[in-house]
Amino acid sequence: MEPDDRDFLADLFRDDHPRDVVPGSGLTREDVLRMDAMTGRAVTATYPGQVLTDLDGVPIGVEPSRTEQITFGGVALTLRQLAELDLTPEDVPNVRILPDPK
């Protein structure tokens with residue numbers, strides 16, 4: 001492996017600098033309706049394995065992923081957030097309603 005390649009890979013997997021992250025648009029109406037329908041249902045969650053590195057920080061492998069069955073506990077929103085999504089508490093009976101901040 002060339003030294004430039006080693007530096008590139010080490011920098012790529014280093015955790016001490018920020019990544020360029022593009023924020024999403026947040027929850028949509030469809031997201032909230034889907035989460036309301038999923039509340040209390042069993043879902044499959046997969047947790048990716050850790051990247052393994054050598055002493056120089058170069059990736060050499062990945063631990064196995066872990067998959068579990070979990071129960072989706074639901075979501076909590078304020079009345080203001082529901083109104084912004086054009087929803088009412090009656091539209092999403094499984095959503096926990098929190099008081100609006102003052």
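Coordinates for the structure precede this section.
Residues numbered from 1 in each chain as written. Predicted model: local features only at pLDDT ≥ 70, side-chain atom pairs only at ≥ 80, totals over all residues. Heavy atoms only, no water.

S.K.: Could you give me a rundown of the overall build of the chain, with the residues and numbers involved?
M.R.: Scanning the chain from terminus to terminus reveals 3 helices and 6 strands. Element order for the chain, N to C, with α for helix and β for strand: α-α-β-β-β-β-β-α-β. When each of the 102 residues of the chain is scored for burial, the buried share is 16%. Across the chain, contacts joining residues at least 24 apart in sequence account for 46% of those joining residues at least 6 apart. (Helix = DSSP H or I, 4+ residues; strand = E, 2+ residues; numbered from the N terminus. Buried < 20%, exposed > 50% of the residue type's maximum accessible area, 1.4 Å probe, protein only. Contact = heavy atoms within 4.5 Å.)

S.K.: Just give me the short version of the side chain of Thr78, but keep the residues and values in it.
M.R.: Mapping Thr78 onto the fold places it in strand E5 (residues 76-78). The exposure class of Thr78 is buried, given its relative accessible area of 10%. Not counting chain neighbours up to four residues away, the residues in contact with Thr78 comprise Leu98, Pro99, Asp100 and Pro101.

S.K.: With reference to specific residues and values, describe the pattern of salt bridges.
M.R.: The final tally for this structure, using the stated rule, is 2 salt bridges. Its salt-bridge partner being Asp31, residue Arg34 comes within 2.7 Å of it at the nearest N-O pair. With Arg34 and Asp31 both in helix H2 (residues 29-38), this residue pair falls 3 residues apart, about one helical turn. Owing to a relative accessible area of 46%, Arg34 belongs among the partly exposed residues under this scheme. Between Glu68 and Arg66 there is a salt bridge; the shortest N-O distance is 3.2 Å. Look at Glu68 and you get partly exposed, because its relative accessible area is 32%. (Salt bridge = Lys/Arg side-chain N within 4 Å of Asp/Glu carboxyl O.)

S.K.: Which residues make up the nonpolar core, and what values go with them?
M.R.: With 10 residues, the main nonpolar core is built from Val32, Met35, Phe72, Val75, Leu77, Leu82, Leu85, Leu87, Val92 and Val95. Not counting chain neighbours up to four residues away, the residues in contact with Leu87 comprise Arg29, Val32, Leu33, Leu82 and Val92. (Core = buried A, V, L, I, M, F, W, Y, C linked by side-chain atoms within 4.5 Å.)

S.K.: So what's going on with the environment of Leu52? Which residues, and what values?
M.R.: Looking at the secondary structure, you find Leu52 in strand E2 (residues 51-53). Setting aside residues no more than four positions away along its own chain, Leu52 makes contact with Val58, Pro59, Ile60, Gly61, Val62 and Glu63.

S.K.: Tell me about a negative patch on the surface, and name the residues and values.
M.R.: Together, Glu2, Asp4, Asp5 and Asp7 make up a negatively charged patch on the protein surface. Looking at the secondary structure, you find Glu2 in the segment before helix H1 (3-12). On the accessibility criterion, Glu2 (54% relative accessible area) is exposed. (Patch = residues over 30% accessible without salt bridge, like charges linked within 9 Å, V, L, I, M, F, W, Y side chains within 5 Å. Areas by Shrake-Rupley, 256 points an atom, 1.4 Å probe, with all protein chains shown as cover. Lys, Arg positive; Asp, Glu negative; His and termini not counted. Charge placed at Lys NZ, Arg CZ, Asp CG, Glu CD.)

S.K.: So what about H2? Which residues, and what values?
M.R.: It helps to recall that an α-helix has 3.6 residues per turn; residues three or four apart then point in one direction. Listing the buried residues of H2 in full gives Val32, Met35 and Asp36. Projected onto a plane normal to the axis of H2, the buried residues spread over an arc of 105 degrees and lie on a single side. Looking at the buried side of H2, the elements it contacts are E5 and helix H3 (79-84). Trailing H2 by a residue or two, Gly40 shows a phi angle of about 85 degrees, which is positive. (Arc of directions from axis to C-beta.)

S.K.: So what's going on with the pairing of strand E4 (residues 66-71)? Residues and values would help.
M.R.: Of all 6 residues that make up E4, 0 are buried, and the element is exposed over most of its length. As paired strands, strand E1 (residues 42-47) and E4 are joined by 6 bridges and run antiparallel to one another. When the sheet's bridge partners are listed, Ala42 is paired in E4 with Thr71. (Pairing = 2+ DSSP bridges.)

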